[in-house]
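Fold and geometry: a report
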Amino acid sequence: MKGILKVSLRLAILGSAVGLIVFTACTLTQKSDSLSFGMSNRIAEMPAPEQPDVAAAGAYLKARIAESRGDLEAAARFYKQSASITSKDLALNEAAFTTLLANGDIGDALSILKSMDGVQEIPPLGHILLASEAVKLGNYNKARIHVDKATETSPRLLHFKLMSSYLDFAEGKKVSEIQVDLAGFKQHEVLLPQKLFHMGRIYERSSDVENAREAYIASLAQDASSLFTILRLGSVLERGGDKETAMEMYHQFNLNNPDSVLLDYTMRRLDRGESPELLENTLSSDIADVLFSFATLMVSQGMDLAGRQLMHMADYLDPQYPFTDFYLGIVEEQSGRPEKAIGYYKRINSGERAYLAAQVRIAEAKFSRKEKGDAVKMLLTLTQERPELPLVTRALAEMYYDMNEYPKAIEQFAKLLGDLEEPNRHHAVLYFARGASLERLGKFDEAAVDLQKAISLEPNNPMALNYLGYMWVNQNKNITEAFDYIKKAVLLKPNDGSIIDSLGWAYFRMGEYKKAVGFLERAVELEPTDATINAHLGDVYEKLERKPEARLQWERALSFDPDSAEEKARLRGKINGTETADSLH
């Protein structure tokens, strides 16, 4: 059960870092142009160069090995080397461009594209990069040509339409005509908040504050969690003299998103009596904004490679864009590269909007690299500097839990929960976490109170239902209610091995071994390396007189490093025949 809590908390805290800066971060449920855009999450499925030069082939093989290891920097370097030797190999050119762009090597990526021009078809993202270069150089006609070529591949993709609309604005087209054209564009329904946001942004760029406000409000009605829309609407309201409404909106956002610190910069600016930020009046910043939102969409669909490429283009167009480095760090964390993530987070300076969030993420990334002392020290410093911020205290509490320092974890969770006047569903995970910490210390009655509170706040939380049900089953307490909780958890997450294990274990504790065995075998299929689940299956095999299989499962459980020395000793006793399956887990 301990591992379950670790995973659920870590995903929750990382998810909060991601979700609040994207628009509608969900997978598109229907086939859309963004999915048929020709982007892949693999660099290239391609044969080795025909009649290869020995050096080119060697570089190519090194590139493929680096790619398989997730080392984009090395892959880009070797693909580029191979393509430079075998310059007419079209697949190598495209692979070199793809990896160079994903690695942020914009200059080299542009060089590869220009060597492809007139020789082979340029990929859609290649046209977008060439359009971005043209925008930076002020060549709007050339930018238009490349945006149009990209649009030919996916004419219904909103982001290409938005780029065209911003080009129209830069070239002096009437805003009313741009808005009519954009309003009539039919995009996938989950992208409507983005379209409304950019309609507001175009109005704001043209100083039409009233229409900008209405468009932002319409966007928020579709997606109330979009930080970007909150920031732009708040700026419009503040500059229009309605600071009170803006403050209420910021406060409500923080209440609904207690794990976010991304509005901290805005709140501190207000405390200092400073004015809100104006939109940067450049086409580069406009296109960067589109590319950033496109990047977050790609990442939300599991297309991290495309997300990186788009993010680096946004950074190329607008190096001062407030969240590019932060989001690149998030992507690297999600891809299991904490060291690379830390590099991006450290690029964010103390005066920037994402600085505090980046400091928390650095600590989390250090923790995942086993630099636990440094991580805890960072968070302790942050909690002393900013004790009022829930995210920092929560991250520290979770680290203590992961380090088995349960009293310290409980102390931190108590700080978070002590001042709550009206807990809501967002606080359910905190009650769950404190309850789990209390359970680890054997304070079962106190743990039950917190776990029941978590369930009352979030009745369909399968982790809390399962945790409390499993705890009671192990105590032979409240068996009927525990059984109901576990069965509900199974309905909510039918393919979760830990929850299936709890149901099988409940049947075991009730003496219904024939019912138990099927669930426990299924649980082991789903979680084959979980020590506790394998031990449970061994126990039920023993009860069914399948002793050789029981011994095998106990040996497997022992090989998977159980949580405690006590559990290891029990397993050894069962293997040696000095203990039985009745020993508690």
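Residues numbered from 1 in each chain as written. Predicted model: local features only at pLDDT ≥ 70, side-chain atom pairs only at ≥ 80, totals over all residues. Heavy atoms only, no water.

Brief notes about the overall build of the chain
Here is the rule: Each helix is a run of DSSP H or I of at least 4 residues and each strand a run of E of at least 2, with the numbering of both proceeding from the N terminus. Residue exposure (1.4 Å probe, protein chains only): buried if accessible area is under 20% of the type maximum, exposed if over 50%, otherwise partly exposed. By the convention used here, residues are in contact when the closest approach between their heavy atoms is within 4.5 Å. All accessible areas in this document rest on Shrake-Rupley with a 1.4 Å probe, and a residue is counted as covered only by the protein chains that are shown.
What the chain contains, in helices and strands, is 31 helices and 0 strands. Taking all 585 residues of the chain together, 56% fall into the buried category. Look at the contacts in the chain between residues 6 or more apart in sequence, and 57% of them connect residues 24 or more apart. Summing over all exposed atoms, the chain offers an accessible surface of approximately 25,100 Å²; the carbon and sulfur share of this is 50%.

A look at the pattern of salt bridges
What counts is decided by this rule: We define a salt bridge as a contact between a side-chain nitrogen of Lys or Arg and a carboxyl oxygen of Asp or Glu at a distance within 4 Å.
Inspection of every chain in the model, using the stated rule, returns 39 salt bridges. Across the pair Arg-269 and Glu-277 runs a salt bridge whose closest N-O atoms are separated by 4.0 Å. Glu-277 sits in the partly exposed class, given a relative accessible area of 27%. A salt bridge links Lys-366 to Glu-371; its shortest N-O distance comes to 3.4 Å. Lys-366 sits in the buried class, given a relative accessible area of 15%.

Here's the deal with the side chain of His-536
Note the following rule: Think of a polar contact as two N or O atoms within 3.5 Å of one another; within protein, one of them needs to be a possible hydrogen donor and the other a possible acceptor, and neighboring residues in sequence only count if both atoms come from side chains.
Within the secondary structure layout, His-536 lies in helix H29 (residues 531-543). Looking at His-536, its side chain comes within polar contact range of the side chain of Asp-501, at 2.7 Å.

Things to note about the packing of aromatic side chains
The description of two aromatic rings rests on the distance between their centres and on the angle between their planes. The following threshold applies: When two rings of Phe, Tyr or Trp (its six-membered ring) have centres within 6.5 Å they constitute a pair, described as stacked for plane angles under 30 degrees, edge-to-face for angles over 60, and tilted for the intermediate range. Any Lys NZ or Arg CZ found within 6 Å of a ring centre and within 35 degrees of that ring's normal is scored as a charge over the ring.
With the rule as written, the count across this model stands at 15 aromatic pairs. Relative to Phe-323, the ring of Phe-228 has its centre 5.4 Å away and its plane inclined at 45°; by these criteria the two rings are tilted. Residue Phe-228 is located in helix H12 (residues 227-239), and its partner Phe-323 is located in the loop between helix H16 (304-317) and helix H17 (324-334); the two are separated by 95 residues in the primary sequence. With respect to burial, Phe-228 and Phe-323 carry one shared label: buried. Ring-pair connections join several aromatic residues into one group, and the members of that group are Phe-228, Phe-292, Tyr-321, Phe-323 and Tyr-327. The ring of Tyr-316 has Lys-136 sitting right over it, with the charged end atom 4.9 Å from the ring centre. A cation over an aromatic ring shows up here: Arg-156 above the ring of Phe-185, its NZ or CZ 4.3 Å from the ring centre.

What to know about the confidence of the model for the chain
Here is the rule: Note: pLDDT gives the predictor's confidence per residue, expressed from 0 to 100.
On average, residues of the chain carry a pLDDT of 85, and 84% of them reach 70 or more. Note on residues 1-40: pLDDT is under 50 here. Beyond four places in sequence and across chains, it has 115 contacts. Confidence drops under pLDDT 50 across residues 42-52; counting only partners more than four residues distant or on other chains, this segment forms 26 contacts.

Overview of the packing of helix H8 (residues 158-170) against helix H10 (residues 192-205)
Condition: Structural elements are reduced to axes, namely lines fitted to C-alpha atoms, with helices fitted over the stretch in contact, and the angle between N-to-C directions of any two is expressed from 0 to 180 degrees. Working definition: roughly parallel below 35 degrees, roughly antiparallel above 145 degrees, roughly perpendicular at 65 to 115 degrees, and oblique for all remaining angles.
The interhelical angle for the contact between H8 and H10, taken along N-to-C directions, is 10°, at an axis separation of 11 Å. Relative to H10, the element H8 lies roughly parallel. Two secondary-structure elements touch here, H8 through Leu-158, His-159, Leu-162, Ser-165, Tyr-166 and Phe-169 and H10 through Gln-194, Lys-195, His-198, Arg-201, Ile-202 and Arg-205.

Notes on the nonpolar core
Which entries qualify depends on this criterion: Take the buried Ala, Val, Leu, Ile, Met, Phe, Trp, Tyr and Cys residues and link them wherever side-chain atoms come within 4.5 Å; each set so joined is a nonpolar core.
Core analysis: the biggest nonpolar cluster contains 169 residues, and Leu-129 and Leu-291 have the highest contact counts within it. Per-element tally for this core: the top contributor is helix H15 (residues 283-300), with 11 residues. Those residues in contact with Leu-129 that lie beyond four places of it in its chain are Phe-97, Leu-101, Ile-106, Ala-109, Leu-110, Leu-113, Met-313 and Tyr-316.

What about the environment of Asp-223?
Here Asp-223 shows up in the loop between helix H11 (209-222) and H12. In the structure, Asp-223 is positioned 30 residues away from Pro-193 in sequence and 6.2 Å away in space, judged by C-alpha atoms. Among the polar contacts made by the side chain of Asp-223, one reaches the side chain of Ser-225 at a distance of 2.9 Å.

As for unusual backbone geometry
Look at Asn-404: it is not a glycine, yet its phi comes out positive at around 65°. When you line up the elements, Asn-404 lands in the loop between helix H21 (390-402) and helix H22 (406-418). Even without glycine at this site, Glu-545 takes up a positive phi of about 65°. Position of Glu-545 relative to the elements: it lies in the loop between H29 and helix H30 (547-559).

Re the packing of helix H23 (residues 428-440) against helix H25 (residues 462-475)
For clarity, the cut-off: Each crossing gets its handedness from the near helix: less than a right angle anticlockwise from the far helix is left-handed, clockwise is right-handed. Residues are sorted three ways: Asp, Glu, Lys and Arg are charged, Ala, Val, Leu, Ile, Met, Phe, Trp, Tyr, Cys and Pro are nonpolar, and all the rest, Gly among them, are polar.
It is the contact of H23 with H25, at a shortest axis distance of 11 Å, that shows an interaxial angle of 20°. With respect to H25, the element H23 is oriented roughly parallel. Note on packing geometry: the crossing formed by H23 with H25 is left-handed. Contact residues: H23 offers Phe-432, Ala-436, Glu-439 and Arg-440, while H25 offers Met-463, Ala-464, Tyr-467 and Met-471. Looking at the contact of H23 with H25 residue by residue, the classes come out as 6 nonpolar, no polar and 2 charged.

Section: helix H18 (residues 338-345)
Selection rule: It is the directions from the helix axis to the C-beta atoms that the arc portrays.
Along H18, the residues classified as buried are Pro-338, Ala-341, Ile-342, Tyr-344 and Tyr-345. Here the buried residues of H18 occupy an arc of 160° about the axis, which is enough to place them on one side. Here the buried face of H18 lies against H16, H17 and helix H19 (355-368).

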